[in-house]
Amino acid sequence: MLRRPHVARFLLAAAHPCFCEEDSANTGNGVRPSGGDPVPVVRLSEGKAGRPTGVVIATKGMTTQLQSTLLHLHAAGIRHVVEVRKSRDANGARTCAHDRRVHKFVEQVVNSSSLALHVNSDLFYRCVDLIDEPVFTDERTIAAVAKLVECADVELLAAIPDSFEDLMPLTDGLAAALRVPLLANSPSTSRCRLDKASMQEALARAGVGGARQVRAASPDEVCELIAGAGLEYPVIVKPVLSNGSEGVFFCRSGEELTSAVASNIGSSNVFNQKNDEVVVQEYLKGDEFVVNTVSLHGKHRVLDMWAAAKGVEGNKILYGHQTLVAEPGDQADVVDFALRVLEAVGFAGGAAHLEVVRTVAGVRLIEINARPAGHTPRATRQVGEDQISALVQAIARPAEFLERAERAPHYSLRRGSEELVMVVFLRASRDAEVHRDDLMRIIRLPTFRRFDRVAVPMFADAVEQSEDNTFWVASRTEGLFTVPLTVLLVGSKEELERDLKRIRELEGTMYRPFRTFDPAHFAGPLEGADQQRWLAVVLPKVGFRVQALAGCKFQGSDGKMDHYKGNDVGTVSRWNEDRILITWDRTGLTTSMANLAWAQSFKVLEEGPEVPEVSARLQALPGKRLRAPAPTGAQDAGVGEEKAQPAWIFQPYDVGTVTAVKDGRVVVVWDDSGLGSSVAEASWASNFRLLLQEGHERRPGADAASGSAEVA
């Protein structure tokens, strides 16, 4: 790792040195990337003076978008890629040093595919960490990063962001500092392409037609501000920096408006920045479209466009479905407006993702994201290209891109193709369990192609191969980040509409309440699901009384020590994300098991308290005992004198009363000794059991099974 003392707020780390043409002379017969075997030096996509070319990509770590971009760049002959990875923590799991998935992908997939891609050289890859930097990086930091990124014998052609728009100010700054010839946009207009209010202001200045809006920094002032601006309800509230519908509210009244502003101000957004300001905009009602573009030197191409449907539930705007527009020429006003937006915000090069609405007053902008669409391309087969392929063409073969932009700038369906694509965003009506059978009904639809925006690769295949009783967990859908699954359908317009209707019908019954299915068959969370919330509901909590099922027993790892057997009763003494700990009445021993399998061996008898209340009666478990401190002077007893033995505060099966619960400890006064002891709240159930009724007597065999355990 390289630490730059003159840059205080961040840590930069270069994984390897530059791999330049001169290196080949030092190794004798090639270049050694990452200390590997020499590879032949072959000039591909040469820049000025025959230098090899490269690209800078700003990322937050491995994404499918990044994988696709690397493959396309390598196939196009780009030889060098420098990844600038933004991380929050220098020792975090996502830094270049700790997360080597991109390195592995380059080594085992990209470079292993060289011959198949008809490329005679490896892709040389470096990774540079940028730690804990704000969204808008200062010039000194940019200069320091550029110094680590540049290499004298490689011509860097472009600096591009991965699929996160908050990386765009960084790439704008690097493009200017490195003086790259392609896809450069002025850092002076970066805010217009990221700040939700600034982009509308830029449109208004350019006469393109921005949405009416006000900025607000306090819930106390917002109602007066929108009244002064002539805004009428409903209005939309959103943070000036956000994405994925995070912090977006649909407000019908002043009460809802002040509540929405209050919930945003001071909170952290998805970019790990504090929300100091929101924008309140007029609600744009009409036909909505998503437009994905690629630009070079101010020449723009539309690569795909989608008719989008959304719905309002409460104060949230939820994604519904999107359908590929068959002919962009049929929506000429939308295309023309999108290109005017690009000009207005100073976007001359790169990929962009726009959301617009055709209102009665004309087409208006919801927002522009100056990066590729945040998902894998969805219509490549139907169109024959996509944002990633066009972006790489603009870098590796700019003349071809510009010629295409002049001749036929926008996409069209492949000749003879009548297939359209529909993207359906599932909506969980509540926190729920989703059974395999319901997902299989979606998979069996005639137009189904795959699930999208899901962490599990080939998720449909995983569902098909799962056991019959398998289920997953979903959280109630409140925005894009809690859409449990995204379904990709391919077919004619009529077929798509039919299967969309069927999916919505299935959703009417597929979201089952927690505890509907056996936890032992839990397969994992769907996208955005809060697994801990589900565990808190379905798992027996600390203090619950459980009973071992008939035939179940555990005799220790050596098979000799009796821990519990069928019908034994115990108390849940602790649990975490992975395991449940149960302390058994009969033996006083504690066992643990995977928390999702507990229902196969135990059943809940009673829902006891997590911490016993004052006046609760407790009984010491077998093997649990505590002596009082030694009497004063006992250690000084002379030879032949009998040493005074400390009294027992409690012994196994003794009963006592909780007299206080304070400072994280439970205080118990014991019936037999009249003495008191205390135990940590988190440990009480490992030593005692709660008596729910009087009449429990001391049982024989007080010294059963276990060694003693002091209770501090």
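Residues numbered from 1 in each chain as written. Predicted model: local features only at pLDDT ≥ 70, side-chain atom pairs only at ≥ 80, totals over all residues. Heavy atoms only, no water.

1. Regarding the overall build of the chain
Along the backbone of the chain there are 17 helices and 32 strands. Within the chain, the fraction of its 712 residues that count as buried is 53%. Summarising the internal contacts of the chain: among those between residues at least 6 apart in sequence, 70% fall at separations of at least 24. For the chain, the exposed surface amounts to about 31,500 Å²; the carbon and sulfur share of it is 48%. (Helix = DSSP H or I, 4+ residues; strand = E, 2+ residues; numbered from the N terminus. Buried < 20%, exposed > 50% of the residue type's maximum accessible area, 1.4 Å probe, protein only. Contact = heavy atoms within 4.5 Å. Areas by Shrake-Rupley, 256 points an atom, 1.4 Å probe, with all protein chains shown as cover.)

2. Description of the packing of helix H7 (residues 219-228) against helix H8 (residues 254-264)
Interaxial distance between H7 and H8 falls to 8 Å at its minimum, and their mutual angle equals 135°. By the criterion of interaxial angle, the relationship of H7 to H8 is oblique. Judged by the twist between their axes, the crossing of H7 over H8 is right-handed. Of the residues in H8, those in contact with Pro219, Val222, Cys223 and Ile226 of H7 are Gly254, Leu257, Thr258, Val261 and Ala262. Within the contact of H7 with H8, the residues separate by chemical class into 7 nonpolar, 2 polar and no charged. (Axes fitted to C-alpha atoms, helices over the stretch in contact; angles between N-to-C directions. Parallel < 35°, antiparallel > 145°, perpendicular 65-115°, else oblique. Left-handed = near helix turned anticlockwise from the far one by under 90°. Nonpolar A, V, L, I, M, F, W, Y, C, P; charged D, E, K, R; others polar.)

3. Considering the sheet that holds strand S20 (residues 522-525)
Here 3 strands make up an open sheet; going across it, the order is S16-S18-S20 and the pairing mixed. On the outer flanks of this sheet lie strand S16 (432-435) and S20, each paired with one strand and no other. This sheet shows a mean twist of 30° between the axes of neighbouring strands, independent of strand direction. The sheet contact formed by strand S18 (residues 471-474) and S20 spans 3 bridges and is parallel. The partner of Trp472 across the bridge, within S20, is Gly524. Strand contacts of helix H13 (residues 436-443): S16 and S18, with the helix running at about 60° to S16, the strand carrying the most contacts. (Pairing = 2+ DSSP bridges.)

4. A short note on the packing of aromatic side chains
Enumeration according to the criterion identifies 15 aromatic pairs in this entry. Considering the side-chain rings of Phe459 and Trp472, the 5.6 Å spacing of their centres and the 75° angle between planes classify their relative orientation as edge-to-face. In this pair, Phe459 is assigned in helix H14 (residues 459-465) and Trp472 in strand S18, connecting sequence segments 13 residues apart. Under the relative-accessibility criterion, Trp472 is labelled buried at 6%. Here Phe471 and Trp534 contribute two aromatic rings whose centre-to-centre distance is 5.9 Å and whose plane-to-plane angle is 65°, an arrangement assigned as edge-to-face. (Phe/Tyr/Trp six-rings, centres within 6.5 Å; stacked < 30°, edge-to-face > 60°.)

5. Quick notes on the nonpolar core
Counting 80 residues, the largest nonpolar core has Leu354, Leu365, Ile368, Ile442, Phe448, Phe451 and Val487 as its most contacted members. Sort the elements by how many residues they give to this core and helix H9 (residues 332-344) lands first, with 8 residues. Contact partners of Phe448, with chain neighbours within four places excluded, come to Ile442, Ile443, Ala460, Val487, Leu488 and Leu489. Of all hydrophobic cores here, the second largest spans 34 residues; its members include Met62, Leu70, Ile160 and Leu391. (Core = buried A, V, L, I, M, F, W, Y, C linked by side-chain atoms within 4.5 Å.)

6. Quick notes on the state of the cysteines
One pass over the structure, following the stated rule, counts 1 disulfide. Here Cys96 connects covalently by a disulfide to Cys127, the sulfurs 2.0 Å from one another. On the sign convention where negative is left-handed, the bridge of Cys96 and Cys127, at about -65° about the S-S bond, is left-handed. Note that Cys96 is positioned in the loop between strand S3 (80-87) and helix H3 (101-110) and Cys127 in strand S4 (residues 124-131), a separation of 31 residues in sequence. (Disulfide = S-S within 2.5 Å.)

7. A word on the side chain of His353
One can find His353 in strand S13 (residues 350-359). Among the polar contacts listed, one links the side chain of His353 to the side chain of Asn292, at a separation of 2.6 Å. (Polar contact = N/O pair within 3.5 Å; in protein donor to acceptor, adjacent residues only side chain to side chain.)

8. Examining unusual backbone geometry
A cis geometry characterises the amide bond from Tyr233 onward to Pro234, with omega recorded as 0°. One can find Pro234 in the loop between H7 and strand S7 (235-239). Even without a glycine there, the phi angle at Arg453 is positive, about 55°. Even without being glycine, Asp663 reaches a positive phi, approximately 55°. Looking at the element boundaries, Asp663 is found in the loop between strand S29 (655-662) and strand S30 (665-670). Looking at Asp663, the relative accessible area reads 76%, which means it is exposed.

9. Regarding the sheet that holds strand S8 (residues 249-251)
Strand order in the open sheet formed by 4 strands is S6-S9-S7-S8, and the pairing between neighbours is antiparallel. The open sheet has two edge strands, strand S6 (213-216) and S8, and neither has a second partner. Taking each pair of neighbouring strands and ignoring which way they run, the sheet shows an average axis angle of 25°. As defined by bridge partners, S7 adjoins strand S9 (residues 278-282) across 5 bridges and the pair is classed as antiparallel. Within S9, the position partnered with Val235 by the bridge is Glu282.

10. Description of the confidence of the model for the chain
Per-chain confidence: the chain averages 87 in pLDDT, with 88% of residues scoring 70 or above. Low pLDDT, under 50, characterises residues 695-710; the predicted model gives this stretch 38 contacts beyond four residues in sequence or across chains. (pLDDT = per-residue confidence, 0-100.)

11. Some thoughts on the packing of helix H2 (residues 64-75) against H3
At a closest axis distance of 11 Å, the pairing of H2 and H3 adopts a crossing angle of 45°. Considered as vectors, H2 and H3 are oriented oblique to each other. You can see that H2 and H3 cross each other, and the crossing is right-handed. Across the interface between the two elements, Leu66, Gln67, Leu70, Leu71 and His74 of H2 pack against Val102, Phe105, Val106, Val109 and Val110 of H3. Here the contact of H2 with H3 is built from residues that sort into 8 nonpolar, 2 polar and no charged.

12. Considerations on the environment of Gly623
Within the secondary structure, Gly623 sits in the loop between strand S26 (617-620) and strand S27 (626-627). With 64 residues separating them along the chain, Gly623 and Asn687 place their C-alpha atoms 8.8 Å apart.

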